[in-house]
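Residue-level listing of the chains:
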Amino acid sequence: MSKNNEQNSEEYLAVRQAREQKIKDFKIDYSQHDENTQAESPIYSDMGFVDDLDDNEINSYSGEDVKEQMTENSRKYLKHQKRMQKKQEKKRNKKNRRTFRLLWLASVIIVGSVLAVYLLVGVNDMLAINRTNDTQVSVKIPESPTLKDVSKALKEAGAISETSFFEMYAKITKSADGFHQGDYRLKTNLDYEAIINFLQGNSNRTDIVTVTITEGQNILEIADTLKNAGVLSDTEEFLVLCNSTYFDSDYEFLQNIKKPEERYYKLEGYLYPDTYDFYINEEPKVTITRFLNNFETSMYQRQTIEGYDKRVKISDLIEGSGYSMDQILSIASIVQAEAASNDDMYYVSSIIHNRLERGEELDVASLGLDSTMYYPYRSEDKIPKDIKSNFKSRYNTYNFAGLPPGSICNPGTQAILAAINPYETDYLYFCHSEDGTPYYASNIWEHQYNQEVAGIS
């Protein structure tokens, strides 16, 4: 062997020995470093990672066989981790379901307890079991009340305790929309049904105002009187109803009105003058019904009338007059507006009847009465400015022959009796002095003389 070969052989042995020593050192370091890990995790033993590191086979960590082994080991590790994760999730879900059931059960118990208490308290309040005292309290229901407004007013007055239960009861019994504005005095021991019936019956209101409608007031004046007294909050609906057919089905005498379309207010003449008790801000339909009921009673029930031996019905007297009720009311309204006294009414009525019955032959076909000139307004100065310049009343008896289309005001009983049974005279004219003294005449020359005496130029 040459020197060079010997030298190469020695170098080769030295390199090999050094390499083998490195492998041994690596295995020792690796074993010491991962001793605990091997004990705790089965991966290294179960998966064969350590066993596969054979002294005679480990030559390089970049070999394909090593890479494949590492990939397989990683796959097994991930699979194991997924199994462990699923076990943990299953355990956690089981625990969560148990917790949810406990919370749900607790919620049911709590809600059931609250509902039971609510129902118990509500039923006690509904039946007034907890309100045995019969003390009266004042309850003020506002205008156009909602169900909440009513329940709030009742609770504030001490009439109920549970507003929500009261509202539920009213809705279930379909009583939520029958409440009206008003002041009431009710006992605190009433159950819900009694409270609702009490409040929805207008006769139990205490906010009553007494109003006198004087004989001869027309519908516009009555509307203003009612508004000033607080009976009407607004006159518009009242006036619309007074020129409608809303009440016709309830009152036969309204069905007999001829040509209602020619009238300014169909009900003029039928709002019977009297003293009434109204409620504050009551429904206009209720207000008008009061008038019509009173008219019906006054006309169709027997009563004691001066000059008649027995109690009579005014409607029977009208029937024997040769005129319809609506015509008599028109005559009576003019008598009411023109006459200065009860006795004067019968003279004025006589003159109207004479003109209606013999006017054409006596050349006085028109009635020519000042009280009809500006109707539905009392006088010229009452006409609204926006229509004053062009206003011409359809009731002006200077321009048209015969009776106007309807009454010009609402007459009282005395004027109606005068219209039914006037004095028998041949008078065709009348006038009054400033102090109300009446003057009557049978022709135009006497009338002109009377005007001079009365101070009328």
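Quantities reported herein were computed from a predicted structural model and do not represent experimental measurements.

So, how was this worked out
- Residues numbered from 1 in each chain as written.
- Predicted model: local features only at pLDDT ≥ 70, side-chain atom pairs only at ≥ 80, totals over all residues.
- Heavy atoms only, no water.
- 1 Å grid on protein atoms, 1.4 Å probe; cavity = no way out; pocket = protein on both sides within 12 Å on 5 of 7 lines; lining within 4 Å.
- Points joined across faces, edges and corners; volume = space filled by probe spheres on them.
- Helix = DSSP H or I, 4+ residues; strand = E, 2+ residues; numbered from the N terminus.
- Axes fitted to C-alpha atoms, helices over the stretch in contact; angles between N-to-C directions.
- Parallel < 35°, antiparallel > 145°, perpendicular 65-115°, else oblique.
- Contact = heavy atoms within 4.5 Å.
- Nonpolar A, V, L, I, M, F, W, Y, C, P; charged D, E, K, R; others polar.
- Buried < 20%, exposed > 50% of the residue type's maximum accessible area, 1.4 Å probe, protein only.
- Polar contact = N/O pair within 3.5 Å; in protein donor to acceptor, adjacent residues only side chain to side chain.

## A closer look at the layout of surface pockets
There is about 410 Å³ of room inside the largest pocket. Taken together, 19 residues make up the lining of the largest pocket; nearest its centre are G368, D370, Y398, F430 and H447. Of all the secondary structure elements, the ones that give two or more residues to the lining of the largest pocket are α13 (325-338), α14 (342-358), β5 (429-432) and α17 (444-454). It is β5 that provides the largest number of residues to the lining of the largest pocket, a total of 4 residues.

## Overview of the packing of helix α6 (residues 163-172) against helix α7 (residues 192-199)
In the contact formed by α6 and α7, the axes pass within 11 Å of each other and the chain directions differ by 70°. As summarised for this structure, α6 and α7 are arranged roughly perpendicular, according to the angle between their axes. Mapping the contact onto sequence places F165, F166, Y169 and A170 in α6 and Y192, E193, I195 and I196 in α7. Of the residues in the contact of α6 with α7, the class split is 7 nonpolar, no polar and 1 charged.

## Things to note about the side chain of D125
Structurally, D125 is set in helix α4 (residues 64-126). Residue classification places D125 among the buried residues on the basis of a relative accessible area of 0%. At 2.4 Å, the side chain of D125 and the side chain of Y192 are in polar contact. For D125, the residues in contact, after removing those within four places along its chain, are N130, R131, I160, S161, E162 and Y192.

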